[in-house]
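Each chain, written out:
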Amino acid sequence: MSQRYQISKAIRSTLVLWLLTAFIYPLFMLISGQIAFSNQVNGSLITNSQGTVIGSALIGQPFTSENYFWSRPSTTNYSTANPKNDDAGILKTGVSGASNLAPSNPELLKRINGTDGEINRLKKAGVKPTADLVYTSGSSLDPHITPEGAEVQIARVAKARGVQPQKLKTLILQNTDGRFLGIFGEPGVNVFKLNLALDKLS
């Protein structure tokens, strides 16, 4: 075979693979995703009764009111900081990610065990500290807490809302996501969905 033929064959193979991997396959995935998993591929967005997007089921939001179940702490404040006024340095590491502070770091110990730390804040509210209510997640955008982390807040929310604790237990069960495929991960309560259901209950 001539060198010219080999070069021509290589160019044709490259073009075919380029079309296949750069256009046909991505287009197929895009179309099949929109048909079979439309909600997921568009960000699992949640809308209110007016049809306005108010958040995503995949990204946590900060809740600090006594009337709501609290999310886990976030090193980025769930990326709600103003980039033009970031005195606290929340966005220095980007919109997601852990603090990367060692367990012995004084700043981390202060945030957890200090006078205004997470443990004291929970105890003052009458909430038993659990790991997920004290420590941030790896992304700092985790929308879930453990079922235990939700249950220890029932008394606080029930008192603030004047709702029967049993109704809150039912809401927690309804908004608990099970293990992926029944075997991967642990059950988690989506705090955003739980609080939306709580507003509807009230």
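What counts as what
Residues numbered from 1 in each chain as written. Predicted model: local features only at pLDDT ≥ 70, side-chain atom pairs only at ≥ 80, totals over all residues. Heavy atoms only, no water. UniProt positions renumbered as here; feature names shortened; annotations may be inferred. Helix = DSSP H or I, 4+ residues; strand = E, 2+ residues; numbered from the N terminus. Buried < 20%, exposed > 50% of the residue type's maximum accessible area, 1.4 Å probe, protein only. Polar contact = N/O pair within 3.5 Å; in protein donor to acceptor, adjacent residues only side chain to side chain. Contact = heavy atoms within 4.5 Å. Core = buried A, V, L, I, M, F, W, Y, C linked by side-chain atoms within 4.5 Å. Phe/Tyr/Trp six-rings, centres within 6.5 Å; stacked < 30°, edge-to-face > 60°. Lys NZ or Arg CZ within 6 Å of the ring centre and 35° of its normal. Pairing = 2+ DSSP bridges.

The protein chain appears in an unreviewed UniProt entry as Potassium-transporting ATPase KdpC subunit from Anabaena cylindrica. We quote the UniProt Sequence similarities (unreviewed entry) comment for the protein chain here in full: "Belongs to the KdpC family." You can read under Subcellular location (unreviewed entry) in the UniProt record for the protein chain the words "Cell inner membrane".

### Overview of the side chain of Ser-56
Tracing the sequence through the fold places Ser-56 in strand 2 (residues 53–56). Residue Ser-56 is classed as buried on the basis of its relative accessible area, which comes to 10%. At 3.0 Å, the side chain of Ser-56 and the backbone nitrogen of Leu-58 are in polar contact. With near-sequence residues (within four places) excluded, Ser-56 lies in contact with Gly-43, Ser-44, Leu-45, Ile-46 and Phe-192.

### Describing the UniProt feature "transmembrane region" (unreviewed entry) in the protein chain
In the numbering used here, UniProt assigns the "transmembrane region" (unreviewed entry) feature to residues 15–37. Regarding residues 15–37, the helix share stands at 96% and the strand share at 0%, and the terminal C-alpha atoms are separated by 31 Å.

### Examining helix 7 (residues 154–161)
Residues of helix 7 that are buried: Ile-154, Arg-156, Val-157 and Ala-158. Where helix 7 is buried, its residues meet helix 6 (147–151), helix 8 (165–174) and helix 9 (191–201). Looking at the residues trailing helix 7, positive phi occurs at Gly-162, about 70°.

### Quick look at the nonpolar core
In this structure, Phe-69, Leu-168 and Ile-172 are the most contacted members of the largest nonpolar core, which totals 27 residues. For this core, the secondary structure elements donating two or more residues are helix 3 (106–113), helix 5 (131–134), helix 7, helix 8 and helix 9. With five residues, helix 9 is the single largest residue contributor to this core. Once residues within four sequence positions are removed from consideration, Ile-172 is found in contact with Phe-69, Ala-150, Glu-151, Ile-154, Val-189 and Leu-194.

### Some remarks on the packing of aromatic side chains
The relation between two aromatic rings is expressed through the spacing of the ring centres and the mutual angle of the planes. Taken as a whole, this structure holds three aromatic pairs when the rule is applied. Where Trp-18 meets Phe-23, the ring centres are 5.2 Å apart and the plane angle is 90°; that geometry is what we call edge-to-face. Since its relative accessible area comes to 46%, Phe-23 is described here as partly exposed. Every member of this aromatic cluster is reached through a ring pair, and the members are Phe-63, Tyr-68 and Phe-192. Between Arg-156 and the ring centre of Trp-70, over which it is positioned, the NZ or CZ distance is 3.8 Å. In this structure, Arg-161 is placed above the aromatic ring of Tyr-68, and the distance from its NZ or CZ to the ring centre is 4.8 Å.

### Observations regarding the pairing of strand 2
Here strand 1 (residues 45–47) pairs with strand 2 via three bridges, running antiparallel. Looking across to strand 2, one finds that Ile-46 is bridged to Gly-55. The hairpin formed by strand 1 and strand 2 contains five residues between the paired strands, and Gly-51 there has a positive phi angle of roughly 85°.

### Focus on the sheet that holds strand 5 (residues 188–190)
Two modes of strand pairing occur in sheets, parallel and antiparallel, and in both the strands are linked by backbone hydrogen bonds. The sheet built from three strands is open, its strands ordered 3-5-4 with antiparallel pairing. If you trace the sheet from one side to the other, it starts and ends with strand 3 (144–145) and strand 4 (176–177), each paired once. In this structure, strand 4 lies alongside strand 5, joined through two bridges in antiparallel fashion. Bridging across to strand 5, Asp-177 finds its partner in Gly-188.

### Considerations on the environment of Ile-7
Locating Ile-7 in the fold gives a position in helix 1 (residues 3–36). Between the C-alpha atoms of Ile-7 and Lys-110, which are 103 residues apart in sequence, the distance is 66 Å.

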